[in-house]
Structures are given as structure tokens and as C-alpha cells.
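Residue-level listing of the chains:
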Amino acid sequence: MGLDGKVVIITGPAAGIGAATAKLFASRGAKLCLLDIDEAGLKRVEADCGELGADVLALKCDVSLLPEMDDAISEIIRRFDGIDILVNNAIFRAIKPFLEIEEDEFDKSLFTNIKGYFFLAQKVVPYMIKRHGGRVINVASTFGFVGSSNLSAYCTCKGAVVNMTRAMAFELAGENIHVNAVAPGPIMTEGMSDLIKRVPSVHESRVQDVPMGRFGTPEEIAEVCLFLASEQCSYMNGSVLVADGGFLTH
Ligand SMILES: NC(=O)c1ccc[n+]([C@@H]2O[C@H](COP(=O)([O-])OP(=O)(O)OC[C@H]3O[C@@H](n4cnc5c(N)ncnc54)[C@H](O)[C@@H]3O)[C@@H](O)[C@H]2O)c1
């Protein structure tokens, strides 16, 4: 599956699933626009993608803030003159029991994990329309379907991402824009390591809950994103592809 010359925006590419997706897309010929708040991580992934031969524009951008999105899109258009694919992936996790979540943590979750996805797509889609089509890939989660302790704000957001995906797909299908999501189960990323550091029991419980008996890798989810970005999924729109080692089977 090739992405030759496609201009791809990935949010949250400095770590985890975003970084693996950036590197896989780089190896398939994409032109990459990487948006993250972690400048050191961005530099590392920018260098890795460059070594794989990709043309890369790495920008410090907080996707919870609309003016920063606008600045990033202006730079992307100046550099690449269009946009073909958006991968909404950045995440803020408020890791706390439901009864302890504070308003500012809830707001930050909503602004990064829902508003960020929604408005970045809204700002990018007009450029896809100019190119007569495009792809939006929203990174959701199995926690868009079921609950979890210590992640109530996160689960709230992921449920919204699942139905946002369907609503966008429905409305944008006529513009030849495909909007799909991937719903990963437990994946061993920097974010997951941080969660395990703070709530050590998560490690054992997640492995127990996955029939395949292991965490997934960021690279395994990057492959699903590649499929959703490719011509091979030409009749898919509004789908949520679950990649969870069987987590949702019980
Ligand atoms: N790791 C898992 O087990 C798992 C499971 C299901 C779904 N997911 C989803 O996959 C995606 C990636 O998860 P991950 O575990 O790789 O994350 P991670 O925590 O390892 O990395 C997240 C990245 O997002 C960036 N980021 C955070 N806030 C940002 C902002 N406001 N603007 C721009 N960048 C920002 C971070 O700097 C970081 O580079 C998320 O949407 C997450 O919900 C992950």
C-alpha cells in the first residue's frame, strides 16, 4: 500500500501510535506534516522520517487551540500546496477516579480529544475538497464502547470520537472524503507506560482482559491507519476498525 506524494497531517506524532504511523507513512512515500506539543520528541521523529526519505514539516502545535491550528495549516499550505489525509491522534489523558476529576482536567480532555479532532478536520476538509477527495482517520479506542476506571473523561471523549466519525462520514461522503476510525485496545506506548506508572494494576488487568494475552504494538495500529489511508479501503466510510487482540469479545 503506497502513499506516494500524499500530503498527510498527523497529530501527536512525537510518541506512541502517532510516531509509528509517521514512520510507516514516511516509508510509503507520504509528505508528512507532524503537529505536536513535544518539541524534543517531534525533532526525533522528524529525523527518523527524514532518514526514511520523507519530506517532513514538523510544527509545534497545540491542537486544543484553534489559532495554533490556523497557523499550522497556513504553513502546511505554503509548503505543500494541499492536504490529502488527516490522522487525528493526539491525546490528553486525565488519569483519576471519576469522583476526583476537576473541571480544568475535563475541559482539557474535551478540548484536545474532541474539539481538536472536530475543528482540525473542519479546517482541513476544504483543502481536501479542492483536491476532489481525501481521508480523515480518527484514532478512537475500545474505551469508546466500554468503560474503564480512572479514565472516565477519556472514555467520554472516545465515545464522542466514534460517533463524530459517523457524522462526518455521512456529511462528507458526497465530497469523496472518507472518514473512518481505528479503535485500538491496550497498546504499549509512552502514554500507556505513564498510565501503568501511576496505576500499576493496569498492566496485569489489561493483559488478562485481552484474549491474545499481550499488549499491542504501536506499529500494529500504524498498519491499520495505513489501510484506512490507502486506496484499498475505497468502499469504507464511517467505519470503526477495532484492533484490540480480542478485548471487546467479552
Ligand atoms: N496506548 C493505548 O493503549 C491506546 C488505546 C486505545 C486508543 N489509543 C489512542 O491512540 C492515540 C495515541 O495514543 P498513544 O498511547 O500513542 O499516546 P501517547 O501518550 O504515547 O502520545 C500522545 C502524543 O500526543 C501529543 N499531544 C498531547 N496533547 C497534545 C496537544 N494538545 N496537541 C498536540 N499534540 C499533543 C503528545 O505530546 C504525544 O506525542 C490516542 O488517541 C489514544 O487515545 C491508545
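Residues numbered from 1 in each chain as written. Predicted model: local features only at pLDDT ≥ 70, side-chain atom pairs only at ≥ 80, totals over all residues. Heavy atoms only, no water.

Trainee: Honestly, the packing of helix 3 (residues 66-80) against helix 4 (residues 103-130) in this entry has me stumped. Any pointers?
Mentor: The description of two helices packed together rests on the angle between their axes and the distance between the axes. Viewed as axis vectors pointing N to C, helix 3 and helix 4 meet at an angle of 30°, and their least axial separation amounts to 11 Å. Taken together, the axis directions place helix 3 and helix 4 in an arrangement best described as roughly parallel. Relative to helix 4, helix 3 is oriented so that their crossing is right-handed. Between helix 3, through Leu 66, Met 69, Asp 70, Ile 73 and Ile 77, and helix 4, the contact on the second element is made entirely by Lys 115, Gly 116, Phe 119, Leu 120, Lys 123, Val 124 and Tyr 127. A breakdown of the residues in the contact of helix 3 with helix 4 according to their chemical character gives 8 nonpolar, 1 polar and 3 charged. (Axes fitted to C-alpha atoms, helices over the stretch in contact; angles between N-to-C directions. Helix = DSSP H or I, 4+ residues; strand = E, 2+ residues; numbered from the N terminus. Parallel < 35°, antiparallel > 145°, perpendicular 65-115°, else oblique. Left-handed = near helix turned anticlockwise from the far one by under 90°. Contact = heavy atoms within 4.5 Å. Nonpolar A, V, L, I, M, F, W, Y, C, P; charged D, E, K, R; others polar.)

Trainee: Would you mind going over the sheet that holds strand 4 (residues 85-88) with me for this structure?
Mentor: Two orientations exist for strands paired in a sheet by backbone hydrogen bonds: parallel and antiparallel. Reading across from one edge, 3-2-1-4-5-6-7 is the order of the 7 strands in this open sheet, with parallel pairing throughout. If you trace the sheet from one side to the other, it starts and ends with strand 3 (56-60) and strand 7 (240-243), each paired once. Across the sheet, the mean angle from the axis of one strand to that of its neighbour is 15°, orientation sign disregarded. Summarising the sheet, strand 4 and strand 5 (residues 134-139) pair through 4 bridges and their orientation is parallel. Residue pairing in the sheet places Asn 88 in a bridge with Asn 138 of strand 5. Where helix 2 (residues 39-51) meets the sheet, its contacts fall on strand 2 (31-36) and strand 3, and the angle it forms with strand 3 comes to roughly 175°. This element, helix 3, spans strand 1 (7-11), strand 2 and strand 3 of the sheet and lies at about 165° to strand 3. (Pairing = 2+ DSSP bridges.)

Trainee: What should I look at first to understand a negative patch on the surface in this one?
Mentor: Together, Glu 100, Glu 102, Glu 103 and Asp 104 make up a negatively charged patch on the protein surface. Looking at where Glu 102 falls in the secondary structure, it is placed in the loop between strand 4 and helix 4. For Glu 102, a relative accessible area of 46% translates into the label partly exposed. (Patch = residues over 30% accessible without salt bridge, like charges linked within 9 Å, V, L, I, M, F, W, Y side chains within 5 Å. Areas by Shrake-Rupley, 256 points an atom, 1.4 Å probe, with all protein chains shown as cover. Salt bridge = Lys/Arg side-chain N within 4 Å of Asp/Glu carboxyl O. Lys, Arg positive; Asp, Glu negative; His and termini not counted. Charge placed at Lys NZ, Arg CZ, Asp CG, Glu CD. Buried < 20%, exposed > 50% of the residue type's maximum accessible area, 1.4 Å probe, protein only.)

Trainee: Before we go on, may I ask you to explain the nonpolar core in this structure?
Mentor: Generally speaking, nonpolar side chains in soluble globular proteins are found buried as a group. Formed by 71 residues in total, the largest nonpolar core has its most connected members in Ile 9, Phe 25, Leu 32 and Ile 76. The contact partners of Leu 32, leaving out residues within four places of it in the chain, are Val 8, Ile 10, Ala 22, Phe 25, Ala 26, Cys 49, Ala 54, Asp 55, Val 56, Leu 57 and Phe 80. In this structure, Tyr 154, Met 192, Ile 196 and Val 199 belong to the second largest nonpolar core, which totals 13 residues. (Core = buried A, V, L, I, M, F, W, Y, C linked by side-chain atoms within 4.5 Å.)

Trainee: What should I look at first to understand the side chain of Ser 64 in this one?
Mentor: By secondary structure assignment, the location of Ser 64 is in the loop between strand 3 and helix 3. Taking the relative accessible area as the measure of exposure, Ser 64 reaches 12% and is therefore buried. Within the structure, the side chain of Ser 64 is placed 2.6 Å from the side chain of Asp 62, a separation counted as a polar contact. Beyond its immediate stretch of four places on either side in the chain, Ser 64 contacts Phe 111 and Thr 112. (Polar contact = N/O pair within 3.5 Å; in protein donor to acceptor, adjacent residues only side chain to side chain.)

Trainee: Sorry if this is basic, but what is going on with the site of the ligand here?
Mentor: In the vicinity of the ligand lie 30 residues, with Asp 36, Arg 93, Tyr 154, Ile 187 and Thr 189 positioned nearest. One nitrogen or oxygen atom from the side chain of Asp 62 is found 2.8 Å from a nitrogen atom belonging to the ligand. Contact between the ligand and Gly 191: an oxygen atom at 2.9 Å from a main-chain N or O atom of the residue. Here the ligand loses 92% of its free accessible area of 840 Å² to cover by the protein chains. Elements represented by at least two residues in the shell around the ligand include exactly helix 1 (16-27), helix 4, helix 5 (152-172) and helix 6 (190-198). (Near = heavy atom within 4 Å.)

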